[in-house]
Amino acid sequence: MQIFHPGDPGYDDERSGFQTGRKHEPSVIFAVENAQDVQEAVTYAETRDLDHAVQTTGHGLTTATTGVLISTKRMNKVEIDPATRTARTEAGAVWQQVIEKAARHGLAPLSGDASDVGVIGYTLGGGYSVLAREFGFAQDRVRATDKIGNVITAMEFELLRVDEVHAGEMHFDAQHAEAVFDAFHKWDLPDHVTTTITTLGDVVRLTCTSTKRFDIDHLRVAPRLKDEFARKPFAEAAGAPLPPHTYSGDNVLLSDLPLDALHRARTKAENAGVPIFLSIMPLGGVLNTEATHLLKLISPQLNVEEHYEEVFDEVRPFVLGKSRNFRYAVG
Ligand SMILES: Cc1cc2nc3c(=O)[nH]c(=O)nc-3n(C[C@H](O)[C@H](O)[C@H](O)COP(=O)(O)OP(=O)(O)OC[C@H]3O[C@@H](n4cnc5c(N)ncnc54)[C@H](O)[C@@H]3O)c2cc1C
C-alpha cells in the first residue's frame, strides 16, 4: 500500500477526484489495496483521534476531511455469480465494471445515470436507478456487506435479469419549458417508467427508461431538438462517463409537487442570476418511500447555497428531507 503526506509526489493526484472545485485536505492518505490496509488506516485514525473519510471517485464529495483519507480506487475487484444473480464488489469498484461483467450473463445492476460512480457510495445513498420505479432502490438489493469501522470493504447485491431496456431522451428549446413541464406534470405515469425532466440553460431534457414499452406522444407538445427513443442494451442507458469538473448540488425529497409550486421553483432557478439546473424525478412505482418527487439542483459554480434555498422555499411546505445522494460540495 502507498501512503502519501502533503508535499509527497503523488499526494495531489491521489486526493483529486471527479469534483475539481473541492478536494480533501488530508494529513495522510492511505491508498488501500485490501481489507488489511483499510484496517491499518482506520486504526491509524482512531488511535490519533483523527477524522477519516473514504474516496472512491470523488463524485459525492461534500465536506473535505483534514484527517485521514482512505483512497479505495485500487481496491476494485468485481465478481459475478450468474447462478445466484449476485455481484460482489470491493470498496472502490465503479458501476461500469459491474455493468460490463453482468451483461455477459444477461444481467444488470440497479445503477444510475452515470456509470463511473462508485458502487458503494451510490448504494449507501439509496441508489436512484434509471429503473428505480420499476425495481426499487439499489440499497434494497444488498445481500451482505463486509465492514471495518464505517468503511465498507466489500458488498454483495442482487442483479436483475435485464439485458435490454426501452430508453431515450427528448430535448426542447427552453422557450417551451412551461408547456413541457405542464405535460410532464399531467402525465399519468405508468409504474414501470422511470423518468426525469431537467432544465439545462437553453434546453429542457426529458429522459425515460423501462424494461417495457411506454407511450410518450402526449409529451411531444413542442418541436424537439432531439427525440431519440429505442430498445437498447442496458449498458447504453446507464450513462457515459463525464470528465472531471467543478459543480455543486443539493436536493429535497417532497411529499407532493403541485403544478404551481413546480413552475415557481423552475422560474426561481431560471432567474437565480447564477446558472442553476433544476431536475424533477417522480418517485412512486415500487419505491417504498413517502416522498412523491425528488427535486435536484445543480450548478457549475460553488457557493450558491443561498440560491438553492430560494428555490427550495417555493416547495418548502412539501419538503420531507434530503437524499444523501445528489449533494455535492455543500454542507
Ligand atoms: C454525474 C453524476 C451522476 C449521478 N447519478 C446518480 C444517479 O443516477 N442515482 C443516484 O442515486 N446517485 C447518482 N449520483 C450521486 C452519487 O451516487 C453519489 O454522489 C455517491 O456518493 C457517489 O459515490 P462515489 O463513491 O462515486 O463518490 P466518492 O466521492 O468517492 O464517495 C462519496 C461518499 O460515499 C461514501 N463511500 C464511498 N465508498 C465507501 C466505502 N467503501 N465505505 C464507506 N463509505 C463509502 C463516503 O461517505 C464518501 O464520502 C450521481 C453523481 C454524479 C456526480
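What you see is a predicted model, and the numbers here were worked out from it, not measured in a lab.

(A) Highlighting the overall build of the protein. Looking only at helices and strands, one finds 9 helices and 16 strands in the protein. Scaling as 2.2 N^0.38, a compact globule of 331 residues should have a C-alpha radius of gyration of about 20 Å, and the protein matches this with 20 Å. Seen along its three principal axes, the alpha-carbon backbone of the protein occupies a region of about 60 × 50 × 35 Å. Residue burial in the protein is summarised as follows: out of 331 residues, 43% are buried.

(B) Layout of helix α8 (residues 259–270). Taking 1.5 Å of rise per residue, the 12 residues of α8 would be expected to cover 16 Å, and the 16 Å separating its terminal C-alpha atoms lies within 8% of that figure. Looking only at α8, the buried set comprises Leu262, Ala265, Arg266, Lys268 and Ala269. The arc that holds the buried residues of α8, viewed along the axis, is 160°, so those residues lie on one side. In α8, those exposed residues whose orientation departs by more than 90 degrees from the buried face are Leu259 and Asp260. Residues of α8 that are buried make contact with α6 (177–186), β10 (194–200), β14 (277–282), β15 (293–299) and α9 (305–313).

(C) Molecular detail of the sheet that holds strand β9 (residues 164–173). Strand order in the open sheet formed by 8 strands is β12-β9-β11-β10-β14-β15-β13-β16, and the pairing between neighbours is antiparallel. Whereas interior strands pair on both sides, the edge strands pair on one side only; in this sheet they are β12 (224–233) and β16 (319–321). Adjacent strand axes in the sheet meet at a mean angle of 20°, parallel and antiparallel pairs treated alike. As defined by bridge partners, β9 adjoins β12 across 9 bridges and the pair is classed as antiparallel. Residue pairing in the sheet places histidine 166 in a bridge with arginine 231 of β12. Helix-sheet contacts for α8 involve β10, β14 and β15, and the interaxial angle to β14 is about 155°.

(D) The packing of α6 against α8, seen in detail. Following both chains from N to C, one finds α6 and α8 inclined at 145°, their axes separated by 11 Å at the closest point. Crossing geometry of α6 relative to α8 is assigned as right-handed. On α8, the residues that touch Ala177, Glu178, Phe181, Asp182 and His185 of α6 are Leu259, Leu262, His263 and Arg266.

(E) Spotlight on the environment of serine 323. Looking at the secondary structure, you find serine 323 in the segment after β16. Of the residues examined, serine 323 has 19 C-beta atoms within 10 Å and is grouped as partly exposed. For the pair serine 323 and leucine 159, spaced 164 residues apart in the sequence, the C-alpha separation amounts to 23 Å. Setting aside residues no more than four positions away along its own chain, serine 323 makes contact with Gly125, Gly126, Asn251, Leu253 and Leu294.

(F) Expanded view of the site of the ligand. Close contacts around the ligand come from 29 residues, with Gly60, Gly112, Ala114, Gly118 and Gly121 the closest. Contributing elements (two or more residues each) for the shell around the ligand: β3 (52–55), α4 (119–124) and β8 (151–158). Tallying contributions element by element places α4 first for the shell around the ligand, with 4 residues. Class assignment for the residues of the shell around the ligand results in 14 nonpolar, 14 polar and 1 charged. Structurally, the shell around the ligand is a two-domain feature, drawing no fewer than three residues from each of domain 1 (2–71) and domain 2 (78–158).

(G) How the structure looks around the domain arrangement of the protein. Each assigned domain of the protein is listed with its residue range as follows: domain 1 (2–71), domain 2 (78–158) and domain 3 (248–321). For domain 1 versus domain 3, the distance between C-alpha centres works out to 32 Å.

(H) Focus on unusual backbone geometry. The backbone phi angle of aspartate 49 is positive, close to 55°, even though this residue is not glycine. Topologically, aspartate 49 is positioned in the loop between α2 (35–47) and β3. Here asparagine 303, not a glycine, exhibits a phi torsion of approximately 60°, which is positive.

(I) Layout of the nonpolar core. Ile70, Ile99, Ala102, Val119 and Phe234 are the most contacted members of the largest nonpolar core, which has 85 residues in total. Those residues in contact with isoleucine 70 that sit more than four places away from it in its chain are Phe30, Val32, Val38, Ala41, His52, Val54 and Val151.

(J) Structural detail: the sheet that holds strand β4 (residues 68–71). The 4 strands are arranged β1-β2-β4-β3 in an open sheet whose pairing can be described as mixed. The open sheet has two edge strands, β1 (2–4) and β3, and neither has a second partner. Here the strands of the sheet are splayed against their neighbours by 20° on average, with no regard to which way each runs. Relative to β4, β3 runs parallel, the two sharing 4 bridges.

Cut-off values and rules
Residues numbered from 1 in each chain as written. Predicted model: local features only at pLDDT ≥ 70, side-chain atom pairs only at ≥ 80, totals over all residues. Helix = DSSP H or I, 4+ residues; strand = E, 2+ residues; numbered from the N terminus. Rg over C-alpha atoms; globule rule 2.2 N^0.38 Å. Buried ≥ 20, exposed ≤ 12 C-beta atoms within 10 Å, placed from the backbone. Expected span 1.5 Å × (residues − 1). Arc of directions from axis to C-beta. Contact = placed C-beta atoms within 7 Å. Pairing = 2+ DSSP bridges. Axes fitted to C-alpha atoms, helices over the stretch in contact; angles between N-to-C directions. Left-handed = near helix turned anticlockwise from the far one by under 90°. Near = placed C-beta within 6 Å. Nonpolar A, V, L, I, M, F, W, Y, C, P; charged D, E, K, R; others polar. Domains from an automatic or database assignment. Core = buried A, V, L, I, M, F, W, Y, C linked by C-beta atoms within 7 Å.

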